[in-house]
Amino acid sequence: YDVAADAWIATVFLPTARWRGGMASAVLSGRIHAIGGQTATGSILSLHDGLDPIGIRWTIYPDLPTARYDLRAVTLGSSIYVLGGWGDGGPVRNVDVFTP
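Residues numbered from 1 in each chain as written. Predicted model: local features only at pLDDT ≥ 70, side-chain atom pairs only at ≥ 80, totals over all residues. Heavy atoms only, no water.

**Considerations on the sheet that holds strand 9 (residues 95-98)**
As a general point, the strands of a sheet are linked pairwise by backbone hydrogen bonds and lie either parallel or antiparallel. For clarity, the cut-off: The rule for pairing is simple: two strands pair if DSSP sees at least two bridges between them. The helix and strand labels rest on DSSP assignments: H or I over at least four residues marks a helix, E over at least two residues marks a strand, and numbering proceeds from the N terminus. Axis definition: a line fit to C-alpha positions, over the contact stretch in the case of helices; interaxial angles, taken between N-to-C directions, run 0 to 180 degrees.
With antiparallel pairing, the three strands of this open sheet are ordered in space as 5-6-9. Each of the sheet's edge strands pairs with one partner strand only, and the pair in question is strand 5 (72-76) and strand 9. Taken over all neighbouring pairs, the strand axes of this sheet differ in orientation by 25 degrees on average, direction set aside.

**Remarks on the sheet that holds strand 1 (residues 24-28)**
Pairing is antiparallel across the open sheet formed by four strands, whose spatial order is 1-2-3-4. Each having just a single partner strand, strand 1 and strand 4 (57-60) make up the two edges of the open sheet. On average, each strand axis in the sheet is inclined to that of its neighbour by 25 degrees, with strand direction left out of account. As paired strands, strand 2 (residues 31-35) and strand 3 (residues 48-52) are joined by four bridges and run antiparallel to one another. From the neighbouring strand, Ile 32 faces strand 3, where its bridge partner is Leu 51.

Such coordinate-based values are descriptive only and should not be taken to indicate function.
Now the structure itself:
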């Protein structure tokens, strides 16, 4: 967001489009992580991508063990914890941890 111009600035697109309400995000070590989600056609994703907002480039990280949407993510220490969500078989009870 550019305060002086009072306007949002487009930077770079996600590597894979995701349904707006379906993915989780968290910040770790200065990178914005986009995790899981769902495509516009309903495919459930296990994707995990990280944006370097300074270099304006994406890094593709290992996929989640379980594809899901409407999940939650939180950063604690040097890890991202990914909790719950919905998968192909209904509610997901997994708690997965990503530590780079």
